[in-house]
Amino acid sequence: MAVTFPLPVELQPDAVAQAYAECERVTAAYAKTFYLGTLLMAPAKRRAVWAIYAWCRRTDELVDGPQCDSTSLETLQDWETQLEKTFAGHPQDVYDLALYAATRNFPLEIQPFRDMIAGQRMDLCQCRYETFAELETYCYRVAGTVGLMSLAIMGARQDSLAVRRAAVALGVANQLTNILRDVGEDLQRGRIYLPIADLTAYSYTVNELKNGVINGAWRRLMRFQIERARSYFTQAAPGVNELCGDARWPVWTALMNYRRILDQIEGNDYDVFSRRAYVSLPGKLAHLPWALWRSYWGV
Ligand SMILES: CC(C)=CCC/C(C)=C/CC/C(C)=C/CC/C(C)=C/[C@@H]1[C@@H](COP(=O)(O)OP(=O)(O)O)[C@]1(C)CC/C=C(\C)CC/C=C(\C)CCC=C(C)C
Ligand SMILES: Nc1ncnc2c1ncn2[C@@H]1O[C@H](COP(=O)(O)OP(=O)(O)OP(=O)(O)O)[C@@H](O)[C@H]1O
Ligand SMILES: [Mn+2]
């Protein structure tokens, strides 16, 4: 029988193991909390999550990383073509090999990956968001999609619409939190993610934002934004215990730690211009038992 090349992933276990190891390295370097969480999962699942993480990180770096100045719409088009090839069984590099191997083990759909690239396109072309509806689309694309990708690995059975909505809600909640934490940093890059319509509704001007003014209007505006982000965490919470057993603890941990960034912003009196809200490592560890309890008993 003639052997055709390239060999299917099943016949290249060493190359696949090395590819997953590369993805693990990226995950461990960039996201300590997620990485620790993945170690609680079964080996096949954790490897697939690392492959997804590495792909998402590379996609994000195209518009946010050190080489972002040379990224154009054409770069993103090429990146999408590379994605299509990976899903079609022709991975172009070691990270894509891991992603392809993951698609053979789990029911990953390509659409959320395409949608994330569409989110990076928005980042490339748009530096303001007029309404929350526009911002919500952006949040779905760059982060809600991560929820759907993760669900293919961490979901328990045929996932219901409610669970899919919860997974998207967790991504959106994380992204909204990320946006509130990074208001100052994003301004330095000429970006405003807070919807302009919300600024107007709270009588806070873009000029004040650019000058980092913290006044009554700003505090009221931020309280509103924080409550909105919290409402997405609340929508996500019932979905967590629908995940497979070994994903519940890590996902609860991620949810609780990310949500606590919102408490930190309040604790900093809404100063997101000169301070970065964060949860310390002991603070993160302190919540592990609480997250474990929830993974057994729910909310
Ligand atoms: C255990 C666990 C939570 C696993 C998910 C791991 C995974 C595949 C993460 C990918 C993250 C990534 C690189 C996304 C690219 C776009 C991006 C940067 C989004 C922001 C992430 C936070 O990153 P960070 O704090 O490092 O930000 P900086 O770049 O440093 O500024 C986001 C805020 C979005 C992350 C979104 C999620 C992790 C979604 C999680 C949802 C689930 C796991 C679904 C759970 C299912 C139910 C039913 C609730
Ligand atoms: N090896 C690395 N090379 C380049 N940038 C990195 C590297 N490691 C981390 N970073 C960046 O440094 C920042 C802080 O990283 P880190 O992931 O440790 O903190 P975090 O995002 O606050 O926490 P978490 O572990 O919960 O994601 C992130 O924006 C990340 O993208
Ligand atoms: Mn990080």
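Within any chain, residue numbers begin from 1 and follow the written order of that chain's sequence. Labels follow written order: the first chain is A, the first ligand is 1, and so on. Per-residue local features are limited, in this predicted model, to residues with pLDDT of at least 70; the limit for side-chain atom pairs, both in listing and counting, is 80 or more; totals at the level of whole chains, interfaces and linings are taken over all residues. Side-chain metrics rest on all non-hydrogen atoms present in the structure, leaving aside hydrogens and water.

Moving on, we come to unusual backbone geometry. Located in the positive-phi region is serine 203, a residue other than glycine, with phi close to 55°. Summarising the element assignment, serine 203 is placed in the loop between helix H10 (196-201) and helix H11 (206-210). Located in the positive-phi region is tyrosine 270, a residue other than glycine, with phi close to 65°. A run of H or I in DSSP becomes a helix once it reaches four residues, and a run of E becomes a strand once it reaches two; helices and strands are each numbered from the N terminus. Among the structural elements, tyrosine 270 can be located in the loop between helix H13 (245-267) and helix H14 (281-286). In this scheme, a residue with accessible area under 20% of its type's maximum is buried, one over 50% is exposed, and one in between is partly exposed, where area comes from a 1.4 Å probe on protein chains only. For tyrosine 270, a relative accessible area of 8% puts it in the buried group.

With that out of the way, let us pick up the site of ligand 2. Ala29, Tyr30, Ala31, Lys32, Thr33, Arg57, Arg276 and Lys284 make up every residue found near ligand 2. Between ligand 2 and tyrosine 30, the relevant distance is 2.2 Å, taken from an oxygen atom to a main-chain nitrogen or oxygen of the residue. Whenever two N or O atoms come within 3.5 Å, that pair is a polar contact, provided that in protein one can donate a hydrogen and the other can accept it, and provided that, for residues adjacent in sequence, both atoms are side-chain atoms. Interatomic distance of 2.8 Å between a side-chain N/O atom of lysine 32 and an oxygen atom of ligand 2. Across the complex, the protein chains shield 53% of the 610 Å² of accessible surface that ligand 2 would expose by itself. Here a residue is near a molecule or strand as soon as one of its heavy atoms is found within 4 Å of it. Computed with the Shrake-Rupley method and a 1.4 Å probe, the accessible areas treat only the protein chains shown as cover for residues.

Taken together, 30 residues surround ligand 1, and among them Tyr53, Arg57, Asn178, Arg181 and Tyr258 come closest. A distance of 3.4 Å separates an oxygen atom of ligand 1 from a polar atom in the side chain of arginine 181. A distance of 2.5 Å is found between an oxygen atom of ligand 1 and a side-chain nitrogen or oxygen belonging to tyrosine 258. Summarising the interface, the protein chains cover 91% of the accessible area of ligand 1, which totals 1000 Å² for the free molecule. Taken together, the elements giving at least two residues each to the shell around ligand 1 come down to helix H3 (43-64), helix H7 (132-154), helix H8 (161-181), helix H12 (216-240) and H13. Sorting elements by how many residues they give to the shell around ligand 1 places H8 first, with 9 residues. When we break the shell around ligand 1 down by domain, the ones giving at least three residues each are domain 1 (10-125) and domain 2 (126-271). Each domain's extent is set by a domain assignment, obtained either automatically or from a database.

Each assigned domain of the protein chain is listed with its residue range as follows: domain 1 (10-125) and domain 2 (126-271). Using C-alpha coordinates to define each centre, domain 1 is positioned 22 Å away from domain 2. The contact definition used throughout considers only heavy atoms, calling two residues in contact when any of these lie within 4.5 Å. Facing the 28 residues of domain 1 at the interface are 26 residues of domain 2. Two parts placed together each lose some accessible area; with a 1.4 Å probe, that loss summed over both constitutes the buried area. Here domain 1 packs against domain 2, burying approximately 2300 Å² in sum over the two surfaces, 66% of which is carbon and sulfur. Interface area lost by domain 1 to domain 2 is led by Leu40, Met122 and Asp123, which between them contribute 28%. Any Lys or Arg side-chain nitrogen found within 4 Å of a carboxyl oxygen on Asp or Glu counts as a salt bridge. Among the ionic pairs, aspartate 123 bridges to arginine 191, the shortest N-O distance being 3.3 Å. Where domain 1 meets domain 2, there are 8 residue pairs in polar contact (both at pLDDT 80 or more). At the level of secondary structure, the elements contributing two or more residues to the side of domain 1 that touches domain 2 comprise helix H2 (32-38), H3 and helix H6 (111-125). Residues are grouped as follows: Ala, Val, Leu, Ile, Met, Phe, Trp, Tyr, Cys and Pro are nonpolar; Asp, Glu, Lys and Arg are charged; all remaining types, including Gly, are polar. Grouping the constituent residues of the side of domain 1 that touches domain 2 by class yields 19 nonpolar, 4 polar and 5 charged.

A word on the packing of H8 against H13. Interaxial angle, 0 to 180 degrees, is taken between N-to-C directions of lines fitted to C-alpha atoms, where a helix line uses only the stretch in contact. Where H8 meets H13, the closest approach of the two axes is 10 Å, and the angle between their N-to-C directions is 30°. With respect to each other, H8 and H13 are oriented roughly parallel. The handedness of the crossing between H8 and H13 comes out as left-handed. From H8, Leu170, Asn174, Thr177, Asn178, Leu180 and Arg181 reach across to H13, where they touch Val251, Leu255, Tyr258, Ile261, Leu262 and Ile265. Any angle between 65 and 115 degrees counts as roughly perpendicular, while under 35 counts as roughly parallel, over 145 as roughly antiparallel, and the rest as oblique. The handedness criterion is simple: a crossing whose near helix is rotated anticlockwise from the far helix by less than a right angle is left-handed, and one whose near helix is rotated clockwise is right-handed.

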